[in-house]
Amino acid sequence: FKYPINGPLYKDITVERLVKAKPNDTADDQVFRIYRVSTPINGEITVYAQHISYDLSNVAALLWQSDSISAPLAMERVFQNTATEHNFTCRTDYSTAKPFSVSKPQSVRACLGGAAGSFLDLWGGEYEWDNFKVIHHQGRGKHTGVVIEYGKNLTDLEHDNENTDVYTDLLPYAIVTAEDGTETAI
């Protein structure tokens, strides 16, 4: 969002601060963390923020495994067994038990999706991010038959790549390979 430098909250807008805004016409207000503030140009700044759920990218999930665990219990265990404290809660409407593990240190967000063996990889589904609540659904929304297609109803596409990988904590580990080929994280 853009904000004037003579606005009453200008001095309060800094990196790492939280803002609450309505992300779309139907959703409730959501919390966003500011990660970048531009230099003032023509009397205003541009503020870049991402949903608070991205904070889970900086919360390390500790190692554990289970040969058979239900999705609610596995998700609860991932959220409770972390290297640092956080304010996030979770729930899922899946109940099927499957083998699940955190076999190497990774973020809670990676355990949720985007990595082999994640919740999305094993159970599928879709996430709802509601401030500090993470809700894993079997399905959301409805099929309307609308297709987004470039040149038809998508007329412009802008891609902005930002490197925001700043680390404040380290969790060193090593993968040891035994003679039989099994790997163990230490």
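Structural data are supplied above this passage.
Residues numbered from 1 in each chain as written. Predicted model: local features only at pLDDT ≥ 70, side-chain atom pairs only at ≥ 80, totals over all residues. Heavy atoms only, no water.

Chemist: Give me the lowdown on the overall build of the protein, citing residues and values where you can.
Modeler: The helix and strand inventory of the protein stands at 3 helices and 13 strands. At 20 Å, the protein has a C-alpha radius of gyration far larger than the 16 Å of a compact globule built from 186 residues. For the protein, the spread of C-alpha atoms along the principal axes amounts to about 65 × 45 × 30 Å. For the protein, with 186 residues in total, the buried portion stands at 27%. Sequence separation of at least 24 residues holds for 48% of the intrachain contacts in the protein that already meet a minimum separation of 6. A total accessible area of about 13000 Å² is found for the protein, and carbon and sulfur atoms account for 49% of it. Side-chain charges of the protein comprise 16 positive and 25 negative groups, with the mean position of each set lying 7 Å from the other. (Helix = DSSP H or I, 4+ residues; strand = E, 2+ residues; numbered from the N terminus. Rg over C-alpha atoms; globule rule 2.2 N^0.38 Å. Buried < 20%, exposed > 50% of the residue type's maximum accessible area, 1.4 Å probe, protein only. Contact = heavy atoms within 4.5 Å. Areas by Shrake-Rupley, 256 points an atom, 1.4 Å probe, with all protein chains shown as cover. Lys, Arg positive; Asp, Glu negative; His and termini not counted. Charge placed at Lys NZ, Arg CZ, Asp CG, Glu CD.)

Chemist: I'd love a proper account of the packing of aromatic side chains, names of residues and values included.
Modeler: Enumeration over the complete set of coordinates arrives at 7 aromatic pairs. Taking the centre distance of 5.6 Å and the plane angle of 45 degrees together, the rings of tryptophan 64 and phenylalanine 100 count as tilted. One end of the pair, tryptophan 64, is in strand β6 (residues 64-70); the other, phenylalanine 100, is in strand β8 (residues 97-102), and 36 residues separate them in sequence. You can call phenylalanine 100 buried: its relative accessible area is 2%. (Phe/Tyr/Trp six-rings, centres within 6.5 Å; stacked < 30°, edge-to-face > 60°.)

Chemist: Outline the pairing of strand β3 (residues 30-37), listing residues and values.
Modeler: In the sheet, strand β2 (residues 18-21) pairs with β3 via 4 bridges, with the strands oriented antiparallel. Of the residues in β3, the one forming a bridge with alanine 21 is glutamine 30. Counting the residues that bridge the hairpin from β3 to strand β4 (residues 44-51) gives 6 residues, and of these asparagine 42 lies at a positive phi of roughly 50 degrees. (Pairing = 2+ DSSP bridges.)

Chemist: Outline the nonpolar core, supporting the account with residue identities and numerical values.
Modeler: In terms of nonpolar packing, the biggest core is built from 23 residues, with Val78, Phe79, Phe100, Leu112 and Phe119 touching the most fellow members. Looking at this core, the elements that each hand over two or more residues are β6, α1 (71-80), β8, α2 (108-112) and α3 (119-123). Top contributing element to this core by residue count: α1, with 5 residues. When near neighbours in sequence (up to four residues on either side) are disregarded, leucine 112 contacts Leu56, Met75, Phe79, Ser118, Phe119, Leu120, Tyr127, Trp129 and Val134. Listed in part, the 5 residues of the second largest apolar core include Tyr3, Ile13, Ile34 and Val47. (Core = buried A, V, L, I, M, F, W, Y, C linked by side-chain atoms within 4.5 Å.)

Chemist: Run through unusual backbone geometry, naming residues and quoting values.
Modeler: In terms of backbone geometry, most residues other than glycine have negative phi values and most peptide bonds are trans. Residue asparagine 42 is not a glycine yet carries a positive backbone phi of 50 degrees. Examined against the element boundaries, asparagine 42 turns out to sit in the loop between β3 and β4. The exposed category is assigned to asparagine 42, whose relative accessible area is 80%. Although it is not a glycine, asparagine 131 adopts a positive phi angle of roughly 55 degrees.

Chemist: Help me get a handle on the pattern of salt bridges, residues and values and all.
Modeler: Close approach of charged atoms allows side chains of opposite charge to pair. For the structure shown, the criterion picks out 4 salt bridges. For aspartate 12, the salt bridge goes to arginine 17, with nearest N and O atoms at 4.0 Å. On the accessibility criterion, aspartate 12 (40% relative accessible area) is partly exposed. Accessibility expressed as a relative area gives 41% for arginine 17, which makes it partly exposed. The shortest N-O distance in the salt bridge between arginine 33 and glutamate 16 comes to 3.6 Å. In this pair, arginine 33 is assigned in strand β3 and glutamate 16 in the loop between β1 (2-4) and β2, connecting sequence segments 17 residues apart. The network of salt bridges with common partners includes Glu16, Arg33 and Asp55. (Salt bridge = Lys/Arg side-chain N within 4 Å of Asp/Glu carboxyl O.)

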